[in-house]
Amino acid sequence: MIRDITLGQFVPGKSILHRIDPRVKLLLTFLVIVFLFVAGNFISMGLMVAFVLLAMILSGVSLRLYLKSMKAILFIVIFTSLLNLFYGSGEPLVQLGFLKITLDGILRAAYISLRIICLVFISSVLTFTTSPTDLTDALERLMKPLRYIKVPVHEIAMMMTIALRFVPTLLEETDKIMSAQKARGADLESGGIFQRIRALVPILIPLFVSAFRRAYDLAMAMECRCYHGGDGRTKMKQLHLRSHDYTIIAVTICVCAGVILINIFLPGMV
């Protein structure tokens, strides 16, 4: 399970999405997430699903990595779908005591599952095609107006990116500690839920020690290099919008406009 978590992982490449301005990717990812909730029926949701699939194809990242990112939240998808399965109204198709499965419940379960899966995939597209450095620059430049109200924009962007960057590192460290504990005879998989929680204590303690040690080493390295925040710093890589950035912006806006029009002319299908 630990190895199946791909949050924060960057996959180097030369696809069109790798070349898009990171500010554009951040804003469009947020816009797509919003419209995944705006979509009010299966037709508008189908349009969003097609857009997400197109983004996955254009990213040039292996489908195996996207499916791997789904493994970590598969339980959440199934659990949410089961809850919505018994939430529908109408004539029951299957009656299980006080629980009933209706056609409306089945449609709701499928609809919610599609939404969650698309949320995971579009977020994965962003992290797979954008390096932590580019994310830092994009966040800092998008939050630049907040400097006028004395918000430490550079420091916030740096903290968010470092946190995202160290997720794979900590997951790898967790996997190593678990393997070491198993080699010493630790039983981490059998027993009830309380026994499994108790068995995690020998893992959490060295993991916290390792995390604090890494944080201290990083802080020391930044201090030795005279790092002092965003004041007076210059950028080695300047961000500029290009033709393909405007193209992907136009396509995304057209898709979002299509979702709104479908909701207006075909309402209430879910």
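Preceding this section is the structure that the text describes.
From a predicted model like this one, the values you see are computed outputs, not experimental measurements.

Considerations on the overall build of the protein chain
Okay, step 1: When you go through the protein chain residue by residue, the secondary structure sums to 11 helices and two strands.
Okay, step 2: The N-to-C order of helical and strand elements in the protein chain reads α-α-α-α-α-β-β-α-α-α-α-α-α.
Okay, step 3: In the protein chain, which comprises 270 residues, the share counted as buried stands at 37%.
Okay, step 4: Relative to all contacts within the protein chain whose residues are 6 or more apart in sequence, the contacts with residues 24 or more apart total 74%.
Okay, step 5: Counting every atom, the protein chain has about 16600 Å² of accessible surface; 70% of that belongs to carbon and sulfur.

Overview of the packing of aromatic side chains
Okay, step 1: In total, this model carries four aromatic pairs according to the counting rule given.
Okay, step 2: Plain terms: the ring middles of F42 and Y111 are 5.6 Å apart, the flat faces sit at 80 degrees to each other, and that makes the pair edge-to-face. With a gap of 69 residues between them, F42 in helix 3 (residues 42–59) and Y111 in helix 6 (residues 103–129) connect regions that are remote in the sequence.
Okay, step 3: Of the residues examined, Y111 reaches a relative accessible area of 5% and is grouped as buried.
Okay, step 4: Their ring planes at 15 degrees and their centres at 6.0 Å tell us that F75 and F79 sit as a pair that is stacked. Of this pair, F75 and F79 both sit in helix 5 (residues 74–85), four residues apart, roughly one helical turn.
Okay, step 5: On the accessibility criterion, F79 (44% relative accessible area) is partly exposed.
Okay, step 6: Counting every residue linked through ring pairs, the aromatic cluster contains Y66, F121 and F128.

Thoughts on the pattern of salt bridges
Should their charged atoms come close, side chains of opposite charge can pair.
Okay, step 1: For the structure on display, the rule yields two salt bridges.
Okay, step 2: Across the salt bridge formed by R23 and D21, the nearest N and O atoms sit 2.8 Å from each other. This pair shows no difference in class: R23 is buried, exactly as D21 is.

A few points about helix 5
Okay, step 1: Between the first and last C-alpha of helix 5 there are 16 Å, a value that for 12 residues agrees with the 16 Å anticipated at 1.5 Å per step.
Okay, step 2: Buried within helix 5 we find V77, T80, S81, N84 and L85. One face of helix 5 carries all of its buried residues, which in axial projection span an arc of 140 degrees. Opposite the packed face of helix 5, turned more than 90 degrees from it, sit the exposed residues F75 and L83.

Some details on the nonpolar core
Note that soluble globular proteins tend to have their nonpolar side chains buried in a common cluster.
Okay, step 1: Of all hydrophobic cores here, the largest spans 35 residues; its most connected members are V32, L36, M48, V52 and Y66.
Okay, step 2: Elements supplying a minimum of two residues to this core: helix 2 (22–38), helix 3, helix 4 (63–71), helix 6 and helix 11 (243–265).
Okay, step 3: With sequence-adjacent residues up to four places away left out, L36 is seen in contact with M45, M48, R115, C118 and L119.
Okay, step 4: Membership of the second largest hydrophobic core comes to eight residues, among which are L135, L139, M143 and A157.

Examining the packing of helix 2 against helix 7 (residues 132–142)
Okay, step 1: One way to put it is that helix 2 packs onto helix 7 with a least axis distance of 8 Å and a crossing angle of 75 degrees. It follows from the interaxial angle that helix 2 and helix 7 lie roughly perpendicular. For the pair helix 2 and helix 7, contact is made by P22, R23, L26 and L27 and by D134, L135, A138, L139, R141 and L142, respectively.
Okay, step 2: The residue makeup of the contact of helix 2 with helix 7, split by class, is seven nonpolar, no polar and three charged.

Conventions and cut-offs
- Residues numbered from 1 in each chain as written.
- Predicted model: local features only at pLDDT ≥ 70, side-chain atom pairs only at ≥ 80, totals over all residues.
- Heavy atoms only, no water.
- Helix = DSSP H or I, 4+ residues; strand = E, 2+ residues; numbered from the N terminus.
- Buried < 20%, exposed > 50% of the residue type's maximum accessible area, 1.4 Å probe, protein only.
- Contact = heavy atoms within 4.5 Å.
- Areas by Shrake-Rupley, 256 points an atom, 1.4 Å probe, with all protein chains shown as cover.
- Phe/Tyr/Trp six-rings, centres within 6.5 Å; stacked < 30°, edge-to-face > 60°.
- Salt bridge = Lys/Arg side-chain N within 4 Å of Asp/Glu carboxyl O.
- Expected span 1.5 Å × (residues − 1).
- Arc of directions from axis to C-beta.
- Core = buried A, V, L, I, M, F, W, Y, C linked by side-chain atoms within 4.5 Å.
- Axes fitted to C-alpha atoms, helices over the stretch in contact; angles between N-to-C directions.
- Parallel < 35°, antiparallel > 145°, perpendicular 65-115°, else oblique.
- Nonpolar A, V, L, I, M, F, W, Y, C, P; charged D, E, K, R; others polar.

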